[in-house]
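# Structural characterization, general
Listed below are the residues making up each chain.
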Amino acid sequence: MANDAGATSAATPGRQLGPWWLRSLGGSAGLMVVLLVIAVAVNAAGSPTDLRVATTFFIYLVVALGLQTFTGYSGIISFAHVGFMALGGYASALLTTPALIKQTSIPDAPHWLMSAELNFWVAGAIAVVLVMLIAFVIGIPLVRLNGAPAAVATIGVLVIVNTILSNSDSITRGAQAFYGIPAKTTIFVAAAVAAGAVLVARLFRDSDSGLGLRSSRLDVLGSEASGVNVDRVRLLAWTLSAGIAAAGGVLFAHYLTTLLPSVFMYNLTLTILTMIIIGGPTASGAVVGAMIVSVATEFLRRAEDTFSAPGLSTVVLGIFILVTMIVRPSGLLGRWEIDTWLRGRWRQVRRVQSGTTTGGGGS
Amino acid sequence: MREVIQQVVNGLSVGSIYALVALGVAIVFSILNLVNFAHGEFITAAGYTMFYLAAGDVPWVLIFPSAIIAGALVAAILERVAFRPLRGAAIATQLLASFAVSFAIENALQLSVGARPKAIDYPSWTQTTLHLGSIDIQWLDITTFVTTMAVLALIMWYLRHTTTGLAMRAAADDFATTRLMGIPANRVVVVAFLISGALAGLAAIFYFGNSPVVSPTSGFDPLLKGFIAAVIGGLGSLPGAVFGGFLLGGLEVAMDATLPAGLTGSIDAFIFALLIIALLFRPSGIFGVKTAFSRV
């Protein structure tokens, strides 16, 4: 069953709560409020470590929501999104870093790039649009692939992005660190972008295209037979998801203020994939997964320091994925958005209550 | 002319290694639809086995078989611990699980034996060359190619003329029906993993022969090449995997010889770009018969 929202409304015909987008808005509002409350609470009462963990959580959540929008809804594993994140980060970094710094760090760059000192939001928007354009072009051949060949081809995208970034010495400083990026990602900026990403991911999920994409995840031929243009909805999701991942990359760049191409490779890919797999293929799933992985990673990092055992967190993370997959192959939240699930539970409870009353009265 | 012949020999040698890795990946995929990222760890395991045995002055007659056994053993263990509970799950789920397993093992190795690369003390004959007139050919390259050909013939014989081989080919065609015919699923799958791991072990012998240092991550690069080769050939097709391996080896050597020096570091990116373009025209590879779903 692909359309859980439709199924719930079909089960209770009298309880249609307005058009789908209004229900998506209402459904994501809860999550968005939770995210903003976390930001306010941590900012007011948290230690610097809490602040770092929370901000990193928001940034990774944005990337995870991007990956969710493609991989979670289409069922095709993508390794490319960390590459899109890198492109977004580098694009925004190049456009905002003060010309004075760029004169020493990348003296051979073209003049217009050297003198560019754009506003953070403008540069971020340009970066996102640019990455979406790139993703659209790459996506045209990629969306025709299914299953394993698709996954291997997306590894190709990641490798190509990494190779380009690490060899463009005159623009990105190649394999060396690109430094001097203005620090603009406060916890509130990160939380606001994350809340926006939740909304976009949720709206797309419940839209006709999202519905079609999710049906193709279960049966490509079946959904094509039902009138879904699978290539088209995949390309749409691919482009949109690359944009969200790029936004995450922009936040990442302006949080760390230094970028290295080698950061955006398999390790980060594994972390982000873990987030969406543990949570399940919904926007809420990405939030829950990102939260669990962020907190777990922080504890494991401390354990690594204590026992001086680098790599311990990845070992545990790997086992974590394996166990989740064996125990709950569809993620902790399964295929439900958290509000749909809660509403279903609530209705169930009421049905049971009214059922017992009727039964009691009858006998 | 001399240059060309040497590059051809080089390409056949590199291609042999990729063909062995790709064939191992394809054997498991053909039956389980599992894209096994942990296949690289079979190569790493064989590498460390060779390092420790060579450091302990064990004769090489014993080390080479041990490397193959180590690969097969790790494969069988992982099948039991990680992949059997996931059998029948979606391709994406299994792929991700194997990715996670691969990373867990890599990092576990880093914790236990350390991240620093270790030099394997290969026997001196692997460095010697055969002089044929003006042409110099590494003995290692000859051994690699000849052994690979012999092993491919052996596997072909096994798949065609033994009961288990027949069962494996049947399982690759339709696993569910094969089980209904009374073939024990676990035996077929375990044998597939054993062969897959043994092929990885054999590939490791030749791979590390060319660059004799092993580190926790050294299996990843040959694994990626094996994937590309298997996808070019058509995932699930065994002849396709072998063909893809030799094609990739040849392509890589040709690029290495012809590209300007500044670009040789980007060969992987070029190969992936070619792969994506090739998939545009043949989404299921050259010999591809079986995709994620069958077109009606």
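Residues numbered from 1 in each chain as written. Chains lettered and ligands numbered in written order. Predicted model: local features only at pLDDT ≥ 70, side-chain atom pairs only at ≥ 80, totals over all residues.

### A short note on the overall build of chain B
Convention followed: In DSSP terms, a helix is any run of H or I states spanning at least four residues, a strand is any run of E spanning at least two, and both are numbered starting from the N terminus. Residues are treated as contacting if the C-beta atoms built from their backbones sit within 7 Å of each other.
A count of helical and extended segments in chain B gives 11 helices and 4 strands. With respect to the principal axes defined by its C-alpha atoms, chain B has extents near 60 × 45 × 40 Å. Across chain B, every contact between residues at least 6 apart in sequence was considered, and the portion connecting residues at least 24 apart equals 78%.

### Notes on the overall build of chain A
Where we set the bar: The globule rule used for comparison is 2.2 Å times the number of residues to the exponent 0.38, while the radius of gyration itself is calculated over C-alpha atoms. Counting other C-beta atoms within 10 Å of a residue's own tells you its class, since 20 or more makes it buried, 12 or fewer makes it exposed, and anything in between is partly exposed; those C-beta atoms are placed from the backbone.
Helices and strands together make up the secondary structure of chain A, namely 17 helices and 0 strands. Expected size for 363 residues packed as a compact globule is a radius of gyration near 21 Å; at 22 Å, chain A falls within 12% of this value. Over its C-alpha atoms, taken along the principal directions, chain A stretches across nearly 85 × 50 × 40 Å. Counting the 363 residues in chain A, one finds 52% classified as buried. Within chain A, residue pairs in contact and separated by at least 24 positions form 80% of the contacts whose partners lie at least 6 positions apart.

### Digging into the pairing of strand β3 (residues 135–138) of chain B
Residues and elements named next belong to chain B. This is how the line gets drawn: Only strands joined by at least two bridges in the DSSP assignment are considered to pair.
Across 4 bridges, the pairing between strand β2 (residues 129–132) and β3 is antiparallel. Note on β3: the bridge partner recorded for Leu132 is Ile135. Here β2 folds back onto β3 in antiparallel fashion, the turn holding 2 residues, of which Gly133 has a positive phi close to 65 degrees.

### Considering helix α3 (residues 48–74) of chain A
Think of an α-helix as 3.6 residues a turn; residues three or four steps apart then line up on the same face. Residue and element names in this part refer to chain A. Inclusion rule: A helix is expected to reach a length of 1.5 Å times the quantity of its residues less one. Bend angle per residue: angle between axes fitted to the 7 residues ending at that residue and the 7 residues starting there.
For α3, built from 27 residues, the straight-helix expectation of 39 Å at 1.5 Å per residue is met to within 8% by its first-to-last C-alpha distance of 38 Å. In the structure, α3 departs most strongly from a straight axis at Gln68, where the bend amounts to approximately 40 degrees. Within α3, 21 of the 27 residues are buried, which leaves it mostly tucked inside the rest of the structure. Where α3 ends, the next residue or the one after it, Gly75, has phi of about 80 degrees, a positive value.

### Notes on the interface of chain B and chain A
Condition: Residue polarity is assigned by list, with Asp, Glu, Lys and Arg as charged and Ala, Val, Leu, Ile, Met, Phe, Trp, Tyr, Cys and Pro as nonpolar; anything else, Gly included, falls into the polar class.
The partner chain A presents 37 residues to the 42 residues of chain B that form the contact. Of all the elements in the fold, those that place two or more residues in the side of chain B that touches chain A are α4 (91–112), α9 (220–233) and α11 (267–281) of chain B. Looking at the side of chain B that touches chain A element by element, the count peaks at 15 residues for α4 of chain B. By residue class, the composition of the side of chain B that touches chain A is 35 nonpolar, 6 polar and 1 charged.

### Some words on the packing of α3 of chain A against helix α14 (residues 266–279) of chain A
Residues and elements named next belong to chain A. For the record, the criterion: Note on geometry: axes are lines fitted to C-alpha atoms, helical ones only across the stretch in contact, with angles between N-to-C directions running from 0 to 180 degrees. Small angles under 35 degrees read as roughly parallel and large ones over 145 as roughly antiparallel, with 65 to 115 read as roughly perpendicular and the rest as oblique. Two helices cross in a left-handed way if the nearer one is turned anticlockwise from the farther one by less than a right angle. They cross in a right-handed way if the turn is clockwise.
Running from N to C, α3 and α14 point in directions that differ by 65 degrees, and their axes come no closer than 9 Å. One way to sum up the angle between α3 and α14 is to call them roughly perpendicular. Here the hand of the crossing between α3 and α14 comes out right-handed. Every residue of α14 that contacts α3 at Tyr60, Val63, Ala64, Leu67, Gln68, Thr71 and Gly72 is listed here: Ile272, Met275 and Ile276. Taken together, the residues of the contact of α3 with α14 break down into 7 nonpolar, 3 polar and no charged.

### Thoughts on the environment of Leu199 of chain B
All names here are of chain B. For Leu199, the position within the fold is in helix α8 (residues 185–210). Overall, the presence of 31 C-beta atoms within 10 Å leaves Leu199 in the buried class. Put simply, Leu199 and Ile120 are 79 residues apart on the chain and 20 Å apart in space, counted from C-alpha to C-alpha.

### Quick look at unusual backbone geometry
All names here are of chain A. You will see that Thr257, though not glycine, has its phi angle at about 65 degrees, which is positive. Mapped onto the fold, Thr257 is located in the loop between α13 (230–256) and α14. Residue Thr257 is classed as partly exposed on the basis of its 16 C-beta neighbours within 10 Å.

### Concerning the packing of α3 of chain A against helix α15 (residues 283–306) of chain A
All names here are of chain A. At a closest axis distance of 9 Å, the pairing of α3 and α15 adopts a crossing angle of 140 degrees. By the angle between their directions, the pair α3 and α15 is classed as oblique. Every pair of crossing elements has a handedness; the one defined by α3 and α15 is right-handed. From α3, Val53, Thr56, Phe57, Tyr60, Leu61, Ala64, Leu65 and Gln68 reach across to α15, where they touch Ala283, Ala286, Val287, Gly289, Ala290, Met291, Ser294 and Glu298.

### Some details on helix α2 (residues 20–45) of chain A
Residue and element names in this part refer to chain A. Compared with the 38 Å implied by 1.5 Å per residue over 26 residues, the 38 Å span of α2 between its first and last C-alpha is a close match. Largest kink in α2: about 30 degrees, centred on Ala29. Here α2 has its buried residues at Trp20, Arg23, Ser24, Gly27, Ser28, Leu31, Met32, Leu35, Ala39 and Val42.

### Things to note about the confidence of the model for chain A
Where we set the bar: The score called pLDDT rates the predictor's confidence residue by residue, from a low of 0 to a high of 100.
Taken residue by residue, chain A gives an average pLDDT of 87. The fraction at 70 or more is 93%. Note on residues 1–14 of chain A: pLDDT under 50 across the span, and 18 contacts to partners over four residues away in sequence or across chains.

### Quick look at the confidence of the model for chain B
Residue and element names in this part refer to chain B. For chain B, per-residue confidence averages 89 on the pLDDT scale, and residues scoring 70 or more make up 97% of the total. At the low end of the mean pLDDT range in chain B sits β2, at 83; at the high end sits helix α2 (residues 39–55), at 95. Counted against residues more than four places away or in other chains, residues 290–296, with its pLDDT under 50, gives 10 contacts. Interface confidence for the predicted complex, expressed as ipTM, amounts to 0.87; the pTM equals 0.88.

### Details of the environment of Val4 of chain B
Residues and elements named next belong to chain B. Tracing the backbone shows Val4 in helix α1 (residues 2–32). For Val4, a count of 9 C-beta atoms within 10 Å puts it in the exposed group. Through-space distance from the C-alpha of Val4 to that of Asn33 is 39 Å; in sequence the pair is 29 residues apart.

### Let's talk about the environment of Gln127 of chain B
Relative to the elements of secondary structure, Gln127 of chain B occurs in the loop between β1 (118–119) and β2. With 38 residues separating them in the primary sequence, Gln127 of chain B and Ala89 of chain B have C-alpha atoms 46 Å apart.

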